[in-house]
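One letter stands for each residue in the lines below.
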Amino acid sequence: MLESTEYSFTFVEILKANLIFSTMQNRREFLKRASLMLAGGMVMPQLLTSCAGKASASESSKYIGLQLYSLRDLVKEEGIQKVLETASKMGYKNLETASYDNGKIYGLAPAEFKKMVNDLGMKCTSAHLGQAFTKEKEAEVMSWWDQAIDAHNELGVKYMVQPWMPVTDQTTLDDLKMYCDYFNTVGYKTAAASIAFGYHNHAFEFRKIGDQLIYDFLLDNVSPNHVFFEMDVYWVQEGGGDPVAYLKNRPSQFKAVHIKDEKEIGASGKMNFKPIFDQMYANNIKDWYVEVEQYTQNDPVASVQQSYDYLNKADYVK
């Protein structure tokens, strides 16, 4: 901040300049100008402070999303309100939840959680949740989804995403097909509430059952109109897949993306994010979420902030 003596000097110089031109103006006009100059000098520090604040906000103008699982420890220690405030201050705009139980989002009524998010200038567009499935428990599982859909419809999300499925050494292609049919059924249900249903991958989907790659089998055997895939780019690459190739070859099946690295985004040097973002934008994917699962200094807040800063500075991120 400039010292007040500098403002005084500037004001005197301005008055001198106005006196030089006063012969060309009437007295009333001159006094009017001088009053305005004085007022301007008096409010200058506040004006500069305000402008500085606006510049800082503009630095956070990119539409960067966050999977709240990244701050899961802070949720346990300090509560969801603190986590949301922290994410907002970092600059995140778009959120994906990771806590649903019995009609509540992070223990809150959906409308209450939505207001909390919106009051901080953010949106909640996606949710991770899910149930294991067996034919014997089909009615119970579908009843669970009915309640979950009502809650997330009230929350106003665009996507509901199941982030896992059970796969073991004993899993067969018939088991996978059962899950594809299960996902289709859930997708029909969410569509009735104008919510898209998706599946989020890890690395195990890039194993084979027989000669079938699990991930490709899932992509080929769900209804593309009722089940989309949220690609976790790090796990695709760790599993031996090519994130860009999948996005390019199956553009209609990916609606959302997890931007992830081994720890903080960009820190490992393993991930080349530019071609991923280029293809995402070519596919018109608008919703993507940072997810940080491990932390270099065991500090989730620092790691999530570092991830934001990396992407905010990247010229390939819009």
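On a predicted model such as this, the values are computed, not experimentally measured, just so you know. (Residues numbered from 1 in each chain as written. Predicted model: local features only at pLDDT ≥ 70, side-chain atom pairs only at ≥ 80, totals over all residues. Heavy atoms only, no water.)

### Section: the overall build of the protein
Argument step 1. Looking only at helices and strands, one finds 12 helices and 12 strands in the protein.
Argument step 2. Residue burial in the protein is summarised as follows: out of 318 residues, 44% are buried.
Argument step 3. Long-range pairs, those at least 24 residues apart, make up 77% of the contacts in the protein between residues at least 6 apart in sequence.
Argument step 4. When the accessible surface of the protein is summed, it comes to about 16,200 Å², and 52% of that surface belongs to carbon and sulfur atoms. (Helix = DSSP H or I, 4+ residues; strand = E, 2+ residues; numbered from the N terminus. Buried < 20%, exposed > 50% of the residue type's maximum accessible area, 1.4 Å probe, protein only. Contact = heavy atoms within 4.5 Å. Areas by Shrake-Rupley, 256 points an atom, 1.4 Å probe, with all protein chains shown as cover.)

### Here's the deal with the pattern of salt bridges
Argument step 1. A complete count under the given rule lists 12 salt bridges for this structure.
Argument step 2. Note that lysine 115 is salt-bridged to aspartate 119, the shortest N-O span being 2.7 Å. Placement of both lysine 115 and aspartate 119 in helix H5 (residues 110–119) is noted, with a separation of 4 residues, approximately one turn of the helix. For the pair formed by lysine 115 and aspartate 119, the shared burial category is exposed.
Argument step 3. For arginine 250, the salt bridge identified is with aspartate 220, shortest N-O distance 2.9 Å. Here aspartate 220 lies in helix H8 (residues 214–221) and arginine 250 lies in the loop between helix H10 (243–249) and strand E11 (254–259), a separation of 30 residues in the sequence. (Salt bridge = Lys/Arg side-chain N within 4 Å of Asp/Glu carboxyl O.)

### Some details on the packing of aromatic side chains
Each aromatic ring pair is described using two quantities: the centre-to-centre distance and the angle formed by the ring planes.
Argument step 1. Applying the stated criterion to the full structure yields 22 aromatic pairs.
Argument step 2. Ring centres of phenylalanine 206 and tyrosine 215 lie 4.8 Å apart, and the angle between their planes is 40°; on these two criteria the pair is classed as tilted. The pair phenylalanine 206 / tyrosine 215 is uniform in exposure class, with both members buried.
Argument step 3. Measuring from centroid to centroid gives 5.8 Å for tyrosine 215 and phenylalanine 229, while their planes differ by 85°, and the two rings are edge-to-face. One end of the pair, tyrosine 215, is in helix H8; the other, phenylalanine 229, is in strand E10 (residues 228–232), with 14 residues separating them in the sequence.
Argument step 4. On the basis of relative accessibility, which here comes to 0%, the residue tyrosine 215 falls in the buried class.
Argument step 5. Here arginine 72 stacks its cationic end above the ring of tyrosine 69, 4.1 Å away from the centre of that ring. (Phe/Tyr/Trp six-rings, centres within 6.5 Å; stacked < 30°, edge-to-face > 60°. Lys NZ or Arg CZ within 6 Å of the ring centre and 35° of its normal.)

### Things to note about the packing of helix H4 (residues 80–90) against H5
Packed helices, taken two at a time, are described by the angle their axes make and the gap between the axes.
Argument step 1. Where H4 meets H5, the axes come as close as 9 Å, and the angle between the chain directions of the two elements is 30°. Here H4 lies roughly parallel to H5, going by the angle between them. In the crossing of H4 with H5, the sense of the turn from one axis to the other is right-handed. Of the residues in H5, those touching H4 at Ile80, Gln81 and Leu84 are Phe113, Met116 and Val117.
Argument step 2. Grouping the amino acids of the contact of H4 with H5 by side-chain chemistry returns 5 nonpolar, 1 polar and no charged. (Axes fitted to C-alpha atoms, helices over the stretch in contact; angles between N-to-C directions. Parallel < 35°, antiparallel > 145°, perpendicular 65-115°, else oblique. Left-handed = near helix turned anticlockwise from the far one by under 90°. Nonpolar A, V, L, I, M, F, W, Y, C, P; charged D, E, K, R; others polar.)

### Topic: H5
Argument step 1. What H5 keeps buried is the set Pro110, Phe113, Met116 and Val117. Seen along its axis, H5 keeps its buried residues to an arc of 125°; they face one direction. Across H5 from its buried face, at more than 90 degrees, point the exposed residues Lys115 and Asp119.
Argument step 2. Looking one or two residues past H5, glycine 121 carries a phi angle of roughly 80°, positive in sign. (Arc of directions from axis to C-beta.)

### Some points on the sheet that holds strand E7 (residues 196–200)
Argument step 1. Sheet architecture is closed into a barrel: 8 strands sit in the order E1-E2-E5-E6-E7-E10-E11-E12, paired in parallel fashion. Sheet twist, expressed as the average angle between the axes of neighbouring strands with direction ignored, equals 30°.
Argument step 2. Note: strand E1 (residues 65–67) against strand E12 (residues 287–290), 2 bridges, orientation parallel. Bridging from a neighbouring strand, leucine 66 pairs with valine 290 of E12.
Argument step 3. Strand contacts of helix H6 (residues 138–155): strand E5 (123–128), strand E6 (159–162) and E7, with the helix running at about 140° to E6, the strand carrying the most contacts. (Pairing = 2+ DSSP bridges.)

### With respect to H4
Argument step 1. Within H4, the full set of buried residues consists of Ile80, Val83, Leu84, Thr86, Ala87 and Met90. The buried residues of H4 occupy an angular sector of 160° when the element is viewed end-on, so they sit on one face.
Argument step 2. Among the residues trailing H4, glycine 91 stands out with phi positive, at a value near 120°.

### Remarks on the environment of isoleucine 214
Argument step 1. Its place among the elements puts isoleucine 214 in helix H8.
Argument step 2. Spatially, the C-alpha atoms of isoleucine 214 and threonine 172 are 9.9 Å apart, while their sequence positions differ by 42 residues.
Argument step 3. With residues near it in sequence (within four places) discarded, isoleucine 214 still touches Val167, Leu176, Phe204, Glu205, Arg207 and Ile209.

### Side note on the nonpolar core
If you look at soluble globular proteins, the nonpolar side chains tend to sit buried side by side.
Argument step 1. One finds Phe113, Trp145, Ile259 and Trp288 to be the most contacted residues of the largest nonpolar core, which totals 83 residues.
Argument step 2. Element by element, the count of residues in this core is highest for H6, at 8 residues.
Argument step 3. Beyond its immediate chain neighbours, meaning those up to four positions away, phenylalanine 113 contacts Leu68, Ile80, Leu84, Thr97, Ile105, Tyr106, Leu108, Cys124 and Leu155.
Argument step 4. Tyr159, Phe228, Ala256 and Tyr289 belong to the second-largest nonpolar core, a separate cluster that totals 5 residues. (Core = buried A, V, L, I, M, F, W, Y, C linked by side-chain atoms within 4.5 Å.)

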